Amino acid sequence: MSVETIKVYPQINTMSITDGKLDALAQEYKKTKDLKTAIEDWVNMVKKYDSMGYYPLVKPEFISEVLAGAFSNIKLTKEAVIADNNYQNISGYPQCNRVFQLPSEIKTQILKRLSGYLVSYQIDNWEILNVESIDNP
């Protein structure tokens, strides 16, 4: 039974900017229980699609299909959260609706505020063993 632990960062939902400074930031998951439930749901979805023959050419992988795949709304790095192409609710900067469109100084502030999680899972069967919140470095 091999276990791997990786860091993940939820996507940004909303943020507010006041006078060129990041005022508030809300990410997709605020509780470890919610993230664990979501990941378990994604695992079940990938396994269901696999059993239906949805992946005929390549066997699905935990990282590519479960965590970074179409079902998830988490990223493997803070930089990937910034580069995400989904729309966000950004108040105080009406000309931007995606984080990557913001000025560099605001993106730097966002990088410092992003929260992440450590996800431990069994490599063989993708069982989620633990999800733990981590502080920003």
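Rules of the game
Residues numbered from 1 in each chain as written. Predicted model: local features only at pLDDT ≥ 70, side-chain atom pairs only at ≥ 80, totals over all residues. Heavy atoms only, no water. Phe/Tyr/Trp six-rings, centres within 6.5 Å; stacked < 30°, edge-to-face > 60°. Buried < 20%, exposed > 50% of the residue type's maximum accessible area, 1.4 Å probe, protein only. Lys NZ or Arg CZ within 6 Å of the ring centre and 35° of its normal. Helix = DSSP H or I, 4+ residues; strand = E, 2+ residues; numbered from the N terminus. Patch = residues over 30% accessible without salt bridge, like charges linked within 9 Å, V, L, I, M, F, W, Y side chains within 5 Å. Areas by Shrake-Rupley, 256 points an atom, 1.4 Å probe, with all protein chains shown as cover. Salt bridge = Lys/Arg side-chain N within 4 Å of Asp/Glu carboxyl O. Pairing = 2+ DSSP bridges. Axes fitted to C-alpha atoms, helices over the stretch in contact; angles between N-to-C directions. Contact = heavy atoms within 4.5 Å. Core = buried A, V, L, I, M, F, W, Y, C linked by side-chain atoms within 4.5 Å.

> Help me understand the packing of aromatic side chains, please; the structure alone is not making it clear to me.
Pairs of aromatic rings are described using the distance from one ring centre to the other and the angle between the two planes. Scanning all chains against the criterion turns up five aromatic pairs. Between Y54 and Y55, the aromatic rings sit 5.1 Å apart at their centres with planes inclined by 90°, giving edge-to-face as the arrangement. The class for Y54 is exposed, based on a relative accessible area of 53%. An aromatic cluster of at least three residues, connected via ring pairs, comprises Y49, Y54 and Y55. If you follow R98 out to its NZ or CZ, it ends over the ring of Y87, 4.1 Å from the centre.

> What should I look at first to understand unusual backbone geometry in this one?
Where the residue is not glycine, phi is negative for most of them; where a peptide bond is considered, it is trans in most cases. Phi is positive for D19, which is not a glycine, with a value near 55°. By the secondary structure assignment, D19 is in the loop between strand 2 (12-18) and strand 3 (21-27).

> Before we go on, may I ask you to explain a nonpolar patch on the surface in this structure?
Taken together, M1, V3 and L129 make up a surface patch of nonpolar side chains, about 320 Å² in accessible area. Here L129 shows up in strand 7 (residues 128-134). Note on L129: relative accessible area 35%, which makes it partly exposed.

> Looking at this structure, I do not really get the sheet that holds strand 3. What am I missing?
The pairing of strands in a sheet comes from backbone hydrogen bonds and takes either a parallel or an antiparallel form. What the three strands build is an open sheet, ordered 3-2-5; its pairing is mixed. Because the sheet does not close on itself, it has two edges, and the strands there are strand 3 and strand 5 (89-91). Taken pair by pair, the neighbouring strands of this sheet meet at an average axis angle of 10°, ignoring direction. Examined bridge by bridge, strand 2 and strand 5 share three bridges and lie parallel to one another. Its bridge partner lying in strand 5, T14 is registered against N89. With respect to the sheet, helix 4 (residues 104-113) is in contact with strand 2 and strand 3, its orientation differing from that of strand 3 by roughly 45°.

> Please clarify how the nonpolar core should be interpreted in this entry.
Considering soluble globular proteins, one finds that nonpolar side chains tend to be buried as a cluster. The biggest cluster of nonpolar side chains holds 20 residues, and the ones touching the most others in it are I39, F62 and V66. Elements represented by at least two residues in this core include exactly strand 1 (3-10), helix 1 (32-51), helix 2 (62-67), strand 6 (116-122) and strand 7. Residue contributions to this core peak at six residues, all from helix 1. F62 has contacts with I39, V43, L67, Y121, W126 and I128, leaving out every residue within four places of it along the chain. Membership of the second largest hydrophobic core comes to 15 residues, among which are M15, I90, L102 and L114.

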